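# A look at the structure
Chain by chain, the residues run as shown.
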Amino acid sequence: MEIILENISKKYGSQWIFRNIDFHFEAKTKYALIGHNGAGKSTLLDIIMGKIPYTKGKISYQVNGNIVGIDSIYKHLSVATTSMSLIEEFTLEEILQFHFRFRNIVKGLNQEDVLDLMELGKEKKKFISNFSSGMKQRLKIGLALFTDSSLLIFDEPGANLDLKSKQWFQTLLAKYLNDRTLLIASNDAEDYQICDHIMDIEDFKLVG
Ligand SMILES: Nc1ncnc2c1ncn2[C@@H]1O[C@H](COP(=O)(O)OP(=O)(O)OP(=O)(O)O)[C@@H](O)[C@H]1O
């Protein structure tokens with residue numbers, strides 16, 4: 001997916017988070033968004049995914065040269081953020097069944113494969129409410145990564161992951177990203193080592 005930001009500005013109350021931003025996220029390219037706490041990384045991702053409105057400007061999206069409207073962008077993206085919640089009353093098995101009733105699994109995999117790849121197969125009867133924070137993060141990452149989409153968004157994917165899980169994330173990302181566009185907000189270089197470009201949200205310039 002290609003994402004074109006034209007003159008984008010965002011204000012909360014009287015506070016401008018960013019103003020007059022022009023940027024072109026190219027298709028099939030991997031971007032890291034970095035910047036100090038409160039710089040606006042999550043705000044930008046939330047705008048791109050259509051979760052919150054922007055104040056001024058225009059965003060357009062294209063998949064394989066076709067324009068996608070903001071009202072149907074959700075069909076093309078998959079997301080894992082620390083702020084999103086999981087349905088705690090479901091077991092792991094139920095949440096996968098529920099999620100993949102609405103979204104397709106990436107080609108070549110089935111739900112059992114997804115359980116195995118998340119390394120949570122033994123927990124399939126466990127309620128999400130009884131998952132540890134790291135297990136929940138693995139699940140969020142798995143649901144996003146194994147959903148067939150053309151834009152993958154991760155906001156602080158390394159949150160709550162131990163060293164082994166961070167390695168697990170990197171390995172799976174390298175194997176299953178395919179030619180999707182990737183946006184990762186993080187200040188931990190380990191999380192975004194796979195990225196082609198690093199963008200500093202403070203001035204919207206590529207720094208790597
Ligand atoms: N709903 C909101 N209402 C008012 N201000 C908000 C709201 N959400 C975010 N902000 C403000 O917008 C600014 C950017 O926040 P944002 O969460 O996008 O930063 P961030 O770069 O993701 O930070 P972090 O690295 O701490 O996650 C902050 O000043 C924050 O307080």
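Small disclaimer: the values here were computed from a predicted structure and weren't measured.

### Digging into the nonpolar core
- In this structure, Ala32, Leu33, Ala144, Ile153, Leu183 and Ile184 are the most contacted members of the largest nonpolar core, which totals 46 residues.
- Take this core: its biggest share by element is five residues, from helix α4 (residues 133–145).
- Look past the residues within four positions of Leu183 in its chain and what remains in contact with it is Tyr31, Leu33, Leu45, Ile48 and Ile153.

### Considerations on the sheet that holds strand β10 (residues 205–206)
- Spatial ordering of the open sheet is given by β6-β7-β8-β3-β9-β10, a layout of six strands whose pairing is mixed. Two strands bound the open sheet, and with one partner strand each, they are β6 (77–81) and β10.
- Two elements, strand β3 (residues 30–34) and strand β9 (residues 197–200), share four bridges in a ladder whose sense is parallel. Residue pairing for β9: Ile34 is matched across the bridge by Asp200.
- Packing against the sheet, helix α1 (residues 41–48) makes contact with β3, β7 (151–155) and β8 (181–185), and its axis sits at approximately 150 degrees to β8.

### Brief notes about the UniProt feature "domain: ABC transporter" (unreviewed entry) in the protein chain
- Per the UniProt record, "domain: ABC transporter" (unreviewed entry) is annotated on residues 3–207.
- Helix makes up 26% of residues 3–207 and strand 28%, and the two end C-alpha atoms of the span are 19 Å apart.

### Re the sheet that holds strand β1 (residues 2–12)
- Read across the open sheet, the four strands follow the order β2-β1-β4-β5; overall the sheet is antiparallel. Of all strands in the sheet, those with a lone pairing partner are β2 (15–25) and β5 (66–68), marking the two edges. Averaged over all adjacent pairs, the angle separating strand axes in this sheet is 25 degrees, with direction ignored.
- Taken together, the seven bridges between β1 and β2 define a ladder with antiparallel strand orientation. Across the sheet, Lys10 pairs through a bridge with Phe18, a residue of β2.

### Here's the deal with helix α2 (residues 92–102)
- Three or more residues of α2 are buried, namely Leu92, Ile95, Leu96 and His99. On an axial view of α2, the arc spanned by its buried residues comes to 100 degrees, and they lie on one face. Pointing more than 90 degrees away from the buried face of α2 are the exposed residues Gln97, Phe98 and Arg101.

The rules we used
Residues numbered from 1 in each chain as written. Predicted model: local features only at pLDDT ≥ 70, side-chain atom pairs only at ≥ 80, totals over all residues. Core = buried A, V, L, I, M, F, W, Y, C linked by C-beta atoms within 7 Å. Buried ≥ 20, exposed ≤ 12 C-beta atoms within 10 Å, placed from the backbone. Helix = DSSP H or I, 4+ residues; strand = E, 2+ residues; numbered from the N terminus. Contact = placed C-beta atoms within 7 Å. Pairing = 2+ DSSP bridges. Axes fitted to C-alpha atoms, helices over the stretch in contact; angles between N-to-C directions. UniProt positions renumbered as here; feature names shortened; annotations may be inferred. Arc of directions from axis to C-beta.

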